[in-house]
Amino acid sequence: MADQPTHIEVDVPEFGGEEKSASERIREFPYWFAALILIAIYAAYIILTKENYREAFEFIYRGIQITIRTSLIAYSLALLLGLLTGLARISKSIILNNIARLYVELIRGIPMLVLIFFIALVGVPAAVEGLNSLGLWLKSFGAEKVGSFLTEFNNQGIPMNVRAIVALSVTYGAFLAEIFRAGIQSIGRGQMEAARSVGMSYAQAMRYIILPQAIRNVLPALGNDFVAMVKDSSLVSVLAVRDITQVARLYAGSTFRFREAYVTLSTMYLTMTVVLSLLVQSFERRLRRHE
Amino acid sequence: MNNREDIIAVNDLHKHFGSVRALNGVSLSVERGKVIVIIGPSGSGKSTLLRCVNHLETPSSGEVWIDGELLTTNQKQLNKVRAEIGMVFQLFNLFPHLTALENVVLAQKVVRQRSKEEAEEVAMRQLVRVGIPEKADVYPGQLSGGQQQRVAIARALAMDPKIMLFDEPTSALDPEMIKEVLDVMLDLAKEGMTMLVVSHEMGFARAAADEIIFMDEGLIVEHTTPHDLFNNPQEERTKLFLSQILQH
Ligand SMILES: Nc1ncnc2c1ncn2[C@@H]1O[C@H](COP(=O)(O)OP(=O)(O)OP(=O)(O)O)[C@@H](O)[C@H]1O
Ligand SMILES: [Mg+2]
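Definitions and cut-offs
- Residues numbered from 1 in each chain as written.
- Chains lettered and ligands numbered in written order.
- Predicted model: local features only at pLDDT ≥ 70, side-chain atom pairs only at ≥ 80, totals over all residues.
- Heavy atoms only, no water.
- Helix = DSSP H or I, 4+ residues; strand = E, 2+ residues; numbered from the N terminus.
- Rg over C-alpha atoms; globule rule 2.2 N^0.38 Å.
- Buried < 20%, exposed > 50% of the residue type's maximum accessible area, 1.4 Å probe, protein only.
- Contact = heavy atoms within 4.5 Å.
- Areas by Shrake-Rupley, 256 points an atom, 1.4 Å probe, with all protein chains shown as cover.
- Core = buried A, V, L, I, M, F, W, Y, C linked by side-chain atoms within 4.5 Å.
- Near = heavy atom within 4 Å.
- Polar contact = N/O pair within 3.5 Å; in protein donor to acceptor, adjacent residues only side chain to side chain.
- Pairing = 2+ DSSP bridges.
- Axes fitted to C-alpha atoms, helices over the stretch in contact; angles between N-to-C directions.
- Left-handed = near helix turned anticlockwise from the far one by under 90°.
- Nonpolar A, V, L, I, M, F, W, Y, C, P; charged D, E, K, R; others polar.
- Patch = residues over 30% accessible without salt bridge, like charges linked within 9 Å, V, L, I, M, F, W, Y side chains within 5 Å.
- Salt bridge = Lys/Arg side-chain N within 4 Å of Asp/Glu carboxyl O.
- Parallel < 35°, antiparallel > 145°, perpendicular 65-115°, else oblique.

Chemist: Report on the overall build of chain B, specifying residues and quantitative values.
Modeler: Each helix and strand counted, chain B has nine helices and ten strands in total. Taking 18 Å as the expected radius of gyration for a compact globule of 248 residues, we find that chain B reaches 18 Å, a close match to that expectation. Based on the C-alpha atoms only, the size of chain B along its principal axes is roughly 55 × 45 × 35 Å. Sorting the 248 residues of chain B into buried and exposed places 56% on the buried side. Contacts spanning at least 24 positions in sequence make up 64% of the contacts within chain B whose residues lie at least 6 apart. In the structure as shown, chain B presents an accessible area of about 10700 Å², 47% of it carried by carbon and sulfur atoms.

Structure follows, in structure tokens:
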């Protein structure tokens, strides 16, 4: 889940750094990380050499595009939603503030699996109905074009993978909102005051002064949540969206090769998350070095 | 006593923070080109007064007139008025993600809508004026306190303000850097800038101030010339305060 840090902290020994005694090196060496890499390599080796596994892999691999696309689109939408909600959370407007708070607390209080069902099967139809009646209402005022555009939305016509993306975005939007809020609040009051004192509006101060600093501070956290999103995208399989998890389930169900299916599936997730975590971490190091 | 021709006129200003009464009815008017130094014990409301002048704090009651215009809570008006009032903070408040030059350029571009070239030219001129053009491309984190404060002054001056507010601009500085900042402020005073300065630098007050104000408990206790205040304070509280700060 997004609330727990998911990224992997590895203190890869730095060569040419400060001298460490041999015993210190032996003690501090990240054995678990080496083991992780070995497991991944071993699994990859099996998948590539054993016929059954390779077959499973080739089958499951068909879902990778959906997994990646779903994660990327949902994450981008969640970033936008999270930023807006985070801004609303700190705004002085009581209405915005409470709406944002309500949204965040609703999402945090419901298990993600339930949310996926709820948003895809209850939330989206309700939203479609809302848009339809808004369209009718607009039509009655003579806004024919906009009105019929809205009434033409049809619940049945919205495919499951779109619903899945909406569900993940709405869920992660709430998590990311809290990250953005914390990031904005970590910037001292003096920055806003200095910006306002030269005549910038609140929006200009946010855009040019507060957000650039806040976002920079939360980039590692955002990166971690992307990794978490890749993992949680497996939940969309409950909507029969053909991501790698769903495809693996289908494969296992039809061939009864559960071991091949789930070893391969796990290896694929592990590879993605380890690689992404390392990228996030090296990025974080680079940021810190430039401070 | 207020004359609305004055560049700053403050009328019976009150400011409460919950139960804390930071200002208890302050009236003050400042003529164009005058330098006013404000002194007073900690918590006496000096910063609050300054921050009410450009409405960084909204007064609980009372009026602030800037150059004949009564300030309201209208954000458009406030943004416009604030662009004409430079403010220098105790902790500099430079924008750490921007270079010194960018710090001075930004508001010129987004508030004054100046072109990049013009804004940079003005910024360089201001950095020369405060004596650190060579630091233009350096980030605030790499500057000394005195240098940061001079960049902050340049940032305010680049907007061509009619008024400059200084809130203890040297009290966060190491002693050896105080003079470089005060020298810039002295130059500004000589050039005829209207300045409202909260500072306990008595040397500066003697050299540059036209008037000096002693505040205590959210009120102006004395408002006179530096010469009179130092040589002939009228109130007991003023005498006590002066004896405390002049010892150092
Ligand atoms: N934002 C705020 N919220 C609550 N109380 C405040 C706030 N700002 C100021 N105060 C209170 O108002 C009173 C006046 O504060 P102010 O900062 O104006 O004093 P000052 O004369 O500038 O003091 P100093 O010399 O310590 O800077 C103090 O009691 C202070 O605690
Ligand atoms: Mg103060």
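Okay, back to it.
Chemist: Tell me about the side chain of Ser71 of chain A, and name the residues and values.
Modeler: Residues and elements named next belong to chain A. Position of Ser71 relative to the elements: it lies in helix H4 (residues 64–90). Its relative accessible area of 2% is what places Ser71 among the buried residues. Residues in contact with Ser71, not counting those within four places in the same chain, are Phe226, Met229, Val230 and Ser233.

Chemist: So what's going on with the nonpolar core? Residues and values would help.
Modeler: Within soluble globular proteins, side chains that are nonpolar tend to cluster in buried spots. With 52 residues, the main nonpolar core has Ile39, Ile153, Met164, Phe166, Met185 and Met195 of chain B as its most contacted residues. In terms of residue count, the dominant contributor to this core is helix H6 (residues 175–190) of chain B (eight residues). Beyond its immediate stretch of four places on either side in the chain, Ile39 of chain B contacts Lys46, Ser199, His200, Met202, Ile212, Ile213, Phe214, Met215, Leu229, Phe241 and Leu242 of chain B. Ranked by size, the runner-up nonpolar core spans 50 residues in total, among them Leu211 of chain A together with Phe89, Leu165 and Leu196 of chain B.

Chemist: Go over the site of ligand 1, please, and point to the residues and values.
Modeler: All names here are of chain B. What surrounds ligand 1 is the set Phe17, Val20, Ala22, Pro41, Ser42, Gly43, Ser44, Gly45, Lys46, Ser47, Thr48 and Glu168. For ligand 1, an oxygen atom lies 3.0 Å from a polar atom in the backbone of Gly45. Across the complex, the protein chains shield 63% of the 630 Å² of accessible surface that ligand 1 would expose by itself. At the level of secondary structure, the elements contributing two or more residues to the shell around ligand 1 comprise strand E2 (20–30) and helix H1 (46–53).

Chemist: Account for the pairing of strand E9 (residues 211–216) of chain B, naming residues and giving values.
Modeler: All names here are of chain B. Counting buried positions along E9 gives six out of six residues, so the element sits mostly inside the fold. Side-chain alternation along E9 places Glu211, Ile213 and Met215 on one buried face and Ile212, Phe214 and Asp216 on a second face that is also buried. Looking at chain direction, strand E3 (residues 35–39) and E9 are connected through four bridges and run parallel. Directly across from Ile39, in E9, lies its bridge partner Phe214. Here E9 runs beside strand E10 (residues 219–224); their pairing, made up of five bridges, is antiparallel. Each bridged residue has a counterpart across the sheet, and for Phe214 the counterpart in E10 is Glu222. Hairpin remark: E9 followed by E10, antiparallel, with two residues in the connecting loop; positive phi at Glu217, about 50°.

Chemist: Give me the packing of helix H5 (residues 94–108) of chain A against helix H8 (residues 160–185) of chain A: which residues, what numbers.
Modeler: All names here are of chain A. It is the contact of H5 with H8, at a shortest axis distance of 9 Å, that shows an interaxial angle of 115°. With respect to the hand of their crossing, H5 and H8 are arranged in left-handed fashion. Seen from H5, the contacting residues are Tyr103, Val104, Ile107 and Arg108; seen from H8, they are Ser169, Val170, Thr171, Gly173, Ala174, Phe175, Ala177 and Glu178. Here the contact of H5 with H8 is composed, by residue class, of seven nonpolar, three polar and two charged.

Chemist: Got a sec to walk through a nonpolar patch on the surface? Specific residues and values, please.
Modeler: Residues and elements named next belong to chain A. A cluster of nonpolar side chains, Ile110, Leu113, Val114, Phe117, Phe118, Leu121, Val122, Met160 and Val238, forms an exposed patch at the surface whose accessible area comes to about 700 Å². If one sorts the elements of the nonpolar patch by residue count, helix H6 (residues 112–140) sits on top with six residues. Examined against the element boundaries, Met160 turns out to sit in helix H8. For Met160, a relative accessible area of 32% corresponds to the partly exposed category.

Chemist: Could you give an account of the pairing of E3 of chain B, naming the residues involved and the relevant values?
Modeler: All names here are of chain B. Taking burial as the measure, the five residues of E3 include five buried ones, the bulk of the element. Residue alternation in E3 divides its side chains into two sets, Val35, Val37 and Ile39 and Ile36 and Ile38, and both sets are buried. Bridge analysis of E3 against strand E8 (residues 194–198) gives four bridges, and the strand direction is parallel. Within the sheet, the bridge partner assigned to Val35 lies in E8 and is Met195.

Chemist: Just give me the short version of the packing of helix H2 (residues 31–49) of chain A against helix H12 (residues 258–289) of chain A, but keep the residues and values in it.
Modeler: All names here are of chain A. Interhelical geometry of H2 versus H12 gives an angle of 135° and a closest axis separation of 10 Å. With respect to each other, H2 and H12 are oriented oblique. The crossing of H2 and H12 is left-handed. Facing Phe33, Leu36, Ala40, Ala43 and Ile47 of H2, the residues of H12 in contact are Thr264, Thr267, Leu270, Val274 and Leu278.

Chemist: Which residues make up the pattern of salt bridges, and what are the values?
Modeler: Counted according to the given criterion, the structure contains 22 salt bridges over all chains. Its salt-bridge partner being Glu51 of chain A, residue Arg54 of chain A comes within 3.4 Å of it at the nearest N-O pair. Note that Arg54 of chain A and Glu51 of chain A are positioned in helix H3 (residues 51–60) at a spacing of three residues, about one turn of the helix. On the basis of relative accessible area, Glu51 of chain A is assigned to the partly exposed category, the value being 48%. Note that Lys179 of chain B is salt-bridged to Asp183 of chain B, the shortest N-O span being 2.8 Å. Remark: Asp183 of chain B and Lys179 of chain B occur in helix H6; sequence separation between them is four residues, near one turn of the helix. Look at Lys179 of chain B and you get exposed, because its relative accessible area is 55%. Because the salt bridges share partners, they merge into one network encompassing Arg189 and Glu193 of chain A together with Arg51 and Glu57 of chain B.

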